[in-house]
Amino acid sequence: MPDASATRRPATSLIVGGLLVAASVAAELIQPVQAPDGTSREPLLHAVYLVAWIIGWVLVALAALALRHLVGGRMGAIGSWLVVGGAAALALSAIGQLIGIVAG
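What you see is a predicted model, and the numbers here were worked out from it, not measured in a lab.

Rules behind the numbers
Residues numbered from 1 in each chain as written. Predicted model: local features only at pLDDT ≥ 70, side-chain atom pairs only at ≥ 80, totals over all residues. Heavy atoms only, no water. Phe/Tyr/Trp six-rings, centres within 6.5 Å; stacked < 30°, edge-to-face > 60°. Helix = DSSP H or I, 4+ residues; strand = E, 2+ residues; numbered from the N terminus. Buried < 20%, exposed > 50% of the residue type's maximum accessible area, 1.4 Å probe, protein only. Axes fitted to C-alpha atoms, helices over the stretch in contact; angles between N-to-C directions. Parallel < 35°, antiparallel > 145°, perpendicular 65-115°, else oblique. Left-handed = near helix turned anticlockwise from the far one by under 90°. Core = buried A, V, L, I, M, F, W, Y, C linked by side-chain atoms within 4.5 Å. Contact = heavy atoms within 4.5 Å. Expected span 1.5 Å × (residues − 1).

Q: Got a minute to help me understand the packing of aromatic side chains in this structure?
A: The way to describe two aromatic rings as a pair is by their centre distance and the angle between their planes. Overall, the coordinates contain one aromatic pair when judged by the stated rule. Each ring, one from Trp53 and one from Trp57, has its centre 5.8 Å from the other, and the planes form 75 degrees; the classification is edge-to-face. You can see Trp53 and its partner Trp57 sitting in helix α2 (residues 43-71), four residues apart, about one turn around the helix. Residue Trp53 shares its accessibility class with Trp57, and that shared class is buried.

So this is what it looks like as structure tokens:
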């Protein structure tokens, strides 16, 4: 069993990352910034939502990498890399949207 100090930083990263992702989704539900056709009605606020989303998923990916040794073995490595891959895909999607907002 690892000591608490070895898991404190990744756990904090997971909590903060999850809160950022949830906050960006909640903010979009409360104050929508996209029209049904996908165009951005409020580009600056939309960019803020996307930046929070991206940072949140980066923190989740970093925590998964840091915690992969807890499960250990091949299954732990596979699970960790699946989390990293999923988080990267979601973050890259948001980066694409962010580029679209900046480009107009």
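The rest of the description comes next.
Q: Would you mind showing me how to read the packing of α2 against helix α3 (residues 73-103) here?
A: Between two packed helices, the angle of one axis relative to the other and the distance separating the axes together describe the packing. Orientation of α2 relative to α3, taken along the N-to-C sense of each, is 165 degrees, at an axis distance of 9 Å. Relative to α3, the element α2 lies roughly antiparallel. Note on packing geometry: the crossing formed by α2 with α3 is left-handed.

Q: So what exactly am I meant to see when it comes to the environment of Ile55 here?
A: Mapped onto the secondary structure, Ile55 falls in helix α2. For Ile55, a relative accessible area of 40% puts it in the partly exposed group. Separated by 47 residues in sequence, Ile55 and Arg8 place their C-alpha atoms 19 Å apart.

Q: Any chance you could explain the environment of Ala26 here in plain terms?
A: Residue position: Ala26 is located in helix α1 (residues 4-30). With relative accessibility at 32%, the residue Ala26 sits in the partly exposed group. Separated by 23 residues in sequence, Ala26 and Tyr49 have C-alpha atoms that sit 9.6 Å apart.

Q: Explain the nonpolar core to me, please; I cannot follow it from the model alone.
A: The nonpolar side chains of a soluble globular protein tend to be buried with one another. Residues Leu50, Trp53, Ile54, Trp57, Ala94 and Leu98 are the most contacted members of the largest nonpolar core, which totals 15 residues. Of all the secondary structure elements, the ones that give two or more residues to this core are α2 and α3. With eight residues, α2 is the largest single contributor of residues to this core. Each residue touching Ile54, except ones within four places of it in the same chain, is listed here: Ala91, Ala94, Ile95 and Leu98.

Q: What's the story with α3 in this structure? I'm lost.
A: The periodicity of an α-helix, 3.6 residues per turn, causes residues three or four places apart in sequence to face the same way. Here α3 is 31 residues long and its end C-alpha atoms lie 45 Å apart, about the 45 Å a rise of 1.5 Å per residue gives. Taken together, the buried positions of α3 are occupied by Gly76, Ser80, Val84, Ala87, Ala91, Ala94, Leu98 and Ile101. Note on α3: the residue one or two positions beyond its end, Gly104, has a positive phi of about 95 degrees.

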